[in-house]
Amino acid sequence: MTIGKRIKEERLAKKWTQEQLAVKLNVSRSTVSSWEVERNYPDLETIIAISDLFGQSLDQLLREDPEMITKIKEQATDFIFRKYNWDFVTKETMNLYRR
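One structure accompanies this document, and this report is about it. Here the structure is a predicted model, which is why all the values come from computation and not from measurement.

1. A look at helix α6 (residues 66-83)
Given 3.6 residues per helical turn, the α-helix brings residues three or four places apart onto the same face. Helix length check: α6 (18 residues) gives 26 Å between terminal C-alpha atoms against 26 Å at 1.5 Å per residue, within 8%. For α6, the full list of buried residues reads Met68, Ile72, Thr77 and Phe81.

2. Let's talk about the side chain of Gln18
By the secondary structure assignment, Gln18 is in helix α2 (residues 18-25). Accessibility expressed as a relative area gives 17% for Gln18, which makes it buried. Here Glu36 takes part through its side chain, which lies 2.8 Å from a polar atom of the side chain of Gln18.

3. Topic: helix α3 (residues 29-36)
Residues Val32, Ser33, Ser34, Trp35 and Glu36 constitute the buried set of α3. Taken together, the buried residues of α3 touch α1 (3-13), α2 and α4 (44-54). At the exit of α3 stands Glu38, carrying a positive phi of roughly 60 degrees.

4. Some details on the nonpolar core
In terms of nonpolar packing, the biggest core is built from 16 residues, with Ile3, Leu21, Ile50, Leu62 and Met68 touching the most fellow members. Elements supplying a minimum of two residues to this core: α1, α2, α3, α4, α5 (58-62) and α6. Ignoring anything within four residues of it in the chain, the contact list for Met68 reads Ile3, Tyr41, Pro42, Ile47 and Leu62.

5. Things to note about unusual backbone geometry
Here the phi dihedral of Lys15 falls at roughly 60 degrees; this positive angle occurs in a residue that is not glycine. For Lys15, a relative accessible area of 70% gives the class exposed.

6. Looking at the environment of Asp65
By the secondary structure assignment, Asp65 is in the loop between α5 and α6. As a C-alpha pair, Asp65 and Thr2 span 63 residues in sequence and 4.7 Å in three-dimensional space.

7. A word on the pattern of salt bridges
On inspection of all chains with the given rule, the structure shows 1 salt bridge. Glu36 serves as the salt-bridge partner of Arg11, at 2.6 Å between the closest nitrogen and oxygen. Separated by 25 residues along the polypeptide, Arg11 in helix α1 and Glu36 in helix α3 bring together distant segments of the chain. The residues Arg11 and Glu36 share a single accessibility class, namely buried.

8. Considerations on the packing of aromatic side chains
Evaluation of the coordinates by the stated rule reveals 1 aromatic pair. Directly above the aromatic system of Trp16 lies the positively charged group of Lys24, at a separation of 4.7 Å from the ring centroid.

9. Observations regarding a nonpolar patch on the surface
Among the surface-exposed residues, Leu44, Ile48 and Leu58 lie close enough to one another that they form a single nonpolar patch of about 210 Å² accessible area. Within the secondary structure layout, Leu44 lies in helix α4. For Leu44, a relative accessible area of 30% puts it in the partly exposed group.

Procedures and definitions
- Residues numbered from 1 in each chain as written.
- Predicted model: local features only at pLDDT ≥ 70, side-chain atom pairs only at ≥ 80, totals over all residues.
- Heavy atoms only, no water.
- Helix = DSSP H or I, 4+ residues; strand = E, 2+ residues; numbered from the N terminus.
- Expected span 1.5 Å × (residues − 1).
- Buried < 20%, exposed > 50% of the residue type's maximum accessible area, 1.4 Å probe, protein only.
- Polar contact = N/O pair within 3.5 Å; in protein donor to acceptor, adjacent residues only side chain to side chain.
- Contact = heavy atoms within 4.5 Å.
- Core = buried A, V, L, I, M, F, W, Y, C linked by side-chain atoms within 4.5 Å.
- Salt bridge = Lys/Arg side-chain N within 4 Å of Asp/Glu carboxyl O.
- Phe/Tyr/Trp six-rings, centres within 6.5 Å; stacked < 30°, edge-to-face > 60°.
- Lys NZ or Arg CZ within 6 Å of the ring centre and 35° of its normal.
- Patch = residues over 30% accessible without salt bridge, like charges linked within 9 Å, V, L, I, M, F, W, Y side chains within 5 Å.
- Areas by Shrake-Rupley, 256 points an atom, 1.4 Å probe, with all protein chains shown as cover.

Here's what the structure looks like:
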């Protein structure tokens, strides 16, 4: 199950509207809708907040969505390289770390 479907499933189980979930996550209702129809994905910080809010581990939220896992790997790699200012590393080398 993709993360968008899991978000919708958990939201409905709690009988929350998209607006109610949006307020809890400090995003817009249209953002929640975009996740649920898989138009885009939440960022890493929001995924952690969703995990906490639904009482599910990150593993439970993400394991069944390979595209989301790839996106998170890219975000994490980019964050690490920016944080440590590793400008000397080429894009090709970065891609090796994303696997």
